[in-house]
Structures are given as C-alpha cells and as structure tokens.
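Analysis of the macromolecular model
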Amino acid sequence: MNRRQAMKFGAATLAASVIGGSAFAETKPLRVLILGGTGFIGPHFVSSLREAGHKLTLFNRGKRNPGLFPDVETLHGDRHGQLDALKNRDWDVVIDNSGFLPKDVKLSADLLKGHTQYYLFISSISAYANLTPPGIDEDYKLASLSAPDSEDINKDYGALKALCEQAVEATYGSACSIVRPSYIVGPGDTSDRFTYWPVRTARGGEMLVPGTARDPVQFIDVRDLADFVRVCVEQRIPGRYNACNPPGCVTMGDVVETAKRLTRADTRFTWVDPAFVEKQKLVDSNELPIWAPPTGEYAGTALVSSARAVARGMRFREVSTTIADTLAWHSQRPAEQQKKLRAGLTPEREAELLKLWHASHGAT
C-alpha cells in the first residue's frame, strides 16, 4: 500500500465509523478493575464505564491525584511486586493502562488469572518495529530490545510494550485484547504534543508550521479511546487493535485552520518544507510534535490503519470538538503550565526559525 492508497483507504474507514453510529452494547453491570486510573487516560476510562453503570475498582500507588474518585473503590499497591491488595478478589474485566515493564505486567496477569474473564492491555503503536511504510496494521512486525535484558523505558519503550503484550497474550489467549493507540490527545494531556498547535494558533501572529496543509496527522481523542475500551470490555472483544483516526482524515491544515476559526486569531501560517525541518532537527527535538515528514524513517507514522478497530466499533468525534475542549481545559491549568508547554517551539525559537526561513527564501 502506498501513501495515496493509505489515505484513500482511511477516508473509507472514517465514513464507516460515522455511518455505524454508537457501538455500545446493552449489558449487565460489570466488575471492572483498572490498574492505574488517576493519570491522564484513566479518569476518562472511569467516566465512560461509570456512565454505563459498571462497578469499578482502581489499583494504584495513591500518589497521583489521590482522592480523585472518592466514591470509587481504590486499592493501593505497586506494579513492582506489591500486589497483595489484589489477591483473592474477582473481577469480570481487568484494564491495564499502567504497564510498561514485561515482568510487572506478567506479575499482575498471572496473579489475576482465574480471577477475571478478560484482560485488556493498553499498548502503543510504538510497539511496531518501525513506522516507515504506510498502512501498518496489527500484524506488522514488532520492535526488539536494544539489549536482551534492557528495561530502559526511554530507549526501548516500544519493544518493552511489545513484550508486555506477549506476556498478556501468553496468559489469557483469546480472553484478552491489545489496544495500540497513536498520540492520545484531548483534555488532560499534559504532554502538550497536540495542545501546542491550538494554543500556539490562538496566540496569533506569524506561525511556523511544517510541511503542507495537506499532510496527514494521526491521533486519538482520549474520550474516543475510552469509549472504544468500553466497547471491548462490554463485548469481550479479543485481538489487537490500532487506536487512531483513519489515515488522511485529519490534516495539519485541518488542525491549525480549525483552531484559528475557533479562536478568531489573526494567525498567519508560514509553511516550511521538510528539508528545512530536517536541517534544523525539529522532529527529534519534539519542537514540531505530531507531524511526521512524508518520506524517510517516520513516513508511515500518520498513516497507520485503524480499520480493524473501526469494524469493531471505534468512533471519532470532530477535530473541532477535540480542539475546543483542549483549549477549554488548557485555560484552567496553572499559570506556569499555560505559559511553558512541554512540547512545541518557544516564541524565541520560532522567531529565530522564521528569520532563517525567510532569509533562505529571499523574504524579509
């Protein structure tokens, strides 16, 4: 599958996701254990599942956002072997969204075997060996560790996630599912990788944007991810699923133009070509997050296939909703976090780059 075919297939996939309507099933209340639950994605899982009347239990260290859900049972422990609070308890479903090391995931998977009917593991598209070709699906080859015993999450994040998946599948077989999200975005995302673009657009003035307005970008609104997890849980759907909007259905132009319209900013977009981006090393530095160059090692990053998940009930809200809700959430963050984002260009760096761009293209 080439780049154009991947984007055309993505458009058809998006149409299917819209036509299909809600995928939620009528089901009796389930007992659901969430390993985590109080970080970024966990609270959205809690919200979607509680809305359906399911009975939840959270298991975490009690250090991040303690007391966030005072009406939800919370058990304290640690993934690194302190699992006593889980012993001799039964749940219909386990959702593991806090597993990063295979040995930790194996501990919880083995302990809960026989005490749950279904185990869902949140992995990542980083689990793939590379993201070079367009149209990567769930059967694509997985990443390998840089060294046999590596537990370096920064260096081997994807390979470790792949091994975590294998630990779950070895224990649960067809009674599990693996969900591999792309960039998870929306309210609560403190990585700022998506947030940077609407926030920067809202500031107005001349804005540096990579590539062209037609370049695809791929992500998943955290609430759409939560709803798909609910679908999997309620229907006990087995298998592996990429969780991202269909390839080509959202472009870089869609993101910044929608943000400009919603904020009524006076932003002027200056699109810089991939050669300039590469020369300034802007991708690896996380200064132009979520965008990927159309050629080279990361050419398939925004063209991953989500057709399998859509066929099972994944649905997508409008990008305008994601942007508006992200901006509303961002406006309520502490002042320091609003001022200094964790990703994207600083005003000073952007001004420097724009000056370089115009100088090299004969503009002032």
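Read on for an overview of the structure. Remember, it's a predicted structure, so these values are computed and weren't measured experimentally. (Residues numbered from 1 in each chain as written. Predicted model: local features only at pLDDT ≥ 70, side-chain atom pairs only at ≥ 80, totals over all residues. Heavy atoms only, no water.)

1. Considering the overall build of the chain
Within the chain, the regular secondary structure consists of 12 helices and 11 strands. Against the compact-globule benchmark of 21 Å for 364 residues, the chain has a radius of gyration of 21 Å, which places it among compact chains. Considering only C-alpha atoms, the chain reaches an extent of 70 × 45 × 45 Å along its principal axes. Within the chain, the fraction of its 364 residues that count as buried is 52%. Expressed as a percentage of contacts within the chain between residues at least 6 apart in sequence, the contacts between residues at least 24 apart total 78%. Looking at the chain as shown, the accessible area adds up to about 16500 Å², and 50% of this sits on carbon and sulfur atoms. Across the chain, the 44 positively charged side chains and the 42 negatively charged ones have centroids separated by 1 Å. (Helix = DSSP H or I, 4+ residues; strand = E, 2+ residues; numbered from the N terminus. Rg over C-alpha atoms; globule rule 2.2 N^0.38 Å. Buried < 20%, exposed > 50% of the residue type's maximum accessible area, 1.4 Å probe, protein only. Contact = heavy atoms within 4.5 Å. Areas by Shrake-Rupley, 256 points an atom, 1.4 Å probe, with all protein chains shown as cover. Lys, Arg positive; Asp, Glu negative; His and termini not counted. Charge placed at Lys NZ, Arg CZ, Asp CG, Glu CD.)

2. Overview of the sheet that holds strand E2 (residues 55-60)
Across the sheet, which stays open at both edges, the 7 strands sit in the order E3-E2-E1-E4-E5-E6-E10 with parallel pairing between neighbours. The outermost strands of the open sheet, each flanked by one partner alone, are strand E3 (73-76) and strand E10 (239-243). Mean inter-strand twist for the sheet, computed between neighbouring axes without regard to direction, equals 20 degrees. In this structure, strand E1 (residues 31-35) lies alongside strand E4 (residues 93-96), joined through 4 bridges in parallel fashion. Within E4, the position partnered with Leu33 by the bridge is Val94. Sheet strands touched by helix H3 (residues 102-112): E1, E4 and strand E5 (119-122). Its angle to E5, the strand with the most contacts, is close to 170 degrees. On the sheet, helix H6 (residues 222-235) packs against E1, E4, E5, strand E6 (176-181) and E10 and is oriented at approximately 165 degrees with respect to E6. (Pairing = 2+ DSSP bridges. Axes fitted to C-alpha atoms, helices over the stretch in contact; angles between N-to-C directions.)

3. So, the packing of helix H2 (residues 42-51) against H6
Running from amino to carboxyl end, H2 crosses H6 at an angle of 50 degrees, the nearest separation of the two axes being 9 Å. With respect to H6, the axis of H2 lies oblique. The crossing of H2 and H6 is right-handed. Mapping the contact onto sequence places His44, Phe45, Ser48, Leu49 and Glu51 in H2 and Val222, Arg223, Leu225, Ala226, Asp227, Val229, Arg230 and Val233 in H6. Considered class by class, the residues forming the contact of H2 with H6 number 7 nonpolar, 2 polar and 4 charged. (Parallel < 35°, antiparallel > 145°, perpendicular 65-115°, else oblique. Left-handed = near helix turned anticlockwise from the far one by under 90°. Nonpolar A, V, L, I, M, F, W, Y, C, P; charged D, E, K, R; others polar.)

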